[in-house]
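# A look at the structure
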Amino acid sequence: MTSKRADVRRIMLALSDASSLPDLWRAATEHLADQEAELVTVFFNDDRWRRAASLPFTREILRISGGSTEFTRTRAEKLDREIIAAVQRRSQQFATEAKVRFVFEILSEQEIIKIHELLSSESDILIAPISFQGRPIYNEIARLKCQIRFV
């Protein structure tokens, strides 16, 4: 997955289903141009999505017909897989265009230890969408030793 921590600076690009990939990738490539760094792209699953799907009264409003249907965990997981696949494809495109080695991981917001392991140095940089400030993961992000840039 990623290199040993020797003197390699790590840049983590934090993504979600609502991320603006072009803006986040532009910010990441600005930091990559400065010096040698390792780019790790991480998609953070929003656990609230699955919890909402497990409630018996949760409904999905269909875009085309406006009708509604039961919103189940199975449906939430299917949508999750589709969103992650789309974000991964677009990220791969950006990485190819930028000629950057591509690493893509999927983490839950609850995987705090892994987040701290990935960003353990003050020279590391986390680039995340501004929407993360309103999510439960923000408290953990604020405790990291690394530099944080919200886009």
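Described in the following lines is the structure provided in the data block. Here the structure is a predicted model, which is why all the values come from computation and not from measurement.

### A short note on the sheet that holds strand β5 (residues 104-108)
Pairing is parallel across the open sheet formed by five strands, whose spatial order is β5-β2-β1-β6-β7. Only two strands of the sheet have a single neighbouring strand rather than two, namely β5 and β7 (147-150). On average, each strand axis in the sheet is inclined to that of its neighbour by 25°, with strand direction left out of account. Alignment of strand β2 (residues 37-45) against β5, held across five bridges, turns out to be parallel. Residue Asn 45 lies in a different strand from β5, and its bridge partner there is Ser 108.

### Some details on the nonpolar core
Ile 11, Leu 13, Leu 15, Trp 25, Leu 39, Phe 104 and Ile 127 are the most contacted members of the largest nonpolar core, which totals 20 residues. Those elements that place two or more of their residues in this core are β1 (9-15), α1 (21-34), β2, α3 (73-98) and β6 (125-128). At six residues, α1 tops the list of elements feeding residues into this core. Each residue touching Ile 127, except ones within four places of it in the same chain, is listed here: Ile 11, Met 12, Leu 13, Ala 14, Leu 24, Ala 27, Ala 28, His 31, Arg 149 and Val 151. In terms of nonpolar packing, the next biggest core, distinct from the first, is built from 17 residues, Val 40, Leu 107, Leu 126 and Ile 141 among them.

### Re the pairing of β7
Two elements, β6 and β7, share four bridges in a ladder whose sense is parallel. From the neighbouring strand, Ile 127 faces β7, where its bridge partner is Arg 149.

### Here's the deal with unusual backbone geometry
If you check the backbone angles, Lys 99 has positive phi at about 55° while not being a glycine. For Lys 99, the location among the structural elements is in the loop between α3 and β5. The exposed category is assigned to Lys 99, whose relative accessible area is 77%.

### A few points about the side chain of Glu 38
Among the secondary structure elements, Glu 38 is positioned in strand β2. The class of Glu 38 is buried, set by a relative accessible area of 5%. One polar contact links Glu 38 to Arg 10, side chain to side chain, over a distance of 2.8 Å.

### Overview of the environment of Lys 145
Along the chain, the position of Lys 145 falls in the loop between α5 (138-143) and β7. Look at Lys 145 and you get exposed, because its relative accessible area is 60%. Sequence spacing of Lys 145 and Leu 119 is 26 residues, and the spatial spacing of their C-alpha atoms is 7.4 Å. When residues no more than four places from it in sequence are discounted, the contact partners of Lys 145 are Ser 120, Ser 121 and Glu 122.

Thresholds, definitions, all that
In this numbering scheme, every chain counts its residues from 1 along its sequence in written order. In keeping with the predicted nature of the model, local features appear solely for residues at pLDDT of at least 70, side-chain atom pairs appear and are counted solely at 80 or more, and the whole-chain, interface and lining totals rest on all residues. Hydrogens and waters are ignored; side-chain quantities use all the structure's heavy atoms. When DSSP finds at least two bridges between two strands, those strands are taken to pair. Working definition: helices are DSSP H or I runs of at least four residues, strands are E runs of at least two. Numbering for both runs from the N terminus. Fitting a line to C-alpha atoms yields each axis, with helices limited to the stretch in contact; the angle taken between N-to-C directions then spans 0 to 180 degrees. Residues belong to one nonpolar core when they are buried, are Ala, Val, Leu, Ile, Met, Phe, Trp, Tyr or Cys, and are joined through side-chain atoms within 4.5 Å. Accessible area is worked out with a 1.4 Å probe on protein chains only. A residue is then buried under 20% of its type maximum, exposed over 50%, and partly exposed in between. Should any heavy atoms of two residues lie within 4.5 Å, those residues are considered in contact. Counted as a polar contact is a pair of N or O atoms within 3.5 Å, where, for protein atoms, one must be capable of donating a hydrogen and the other of accepting one, and residues adjacent in sequence contribute only when both atoms are in side chains.

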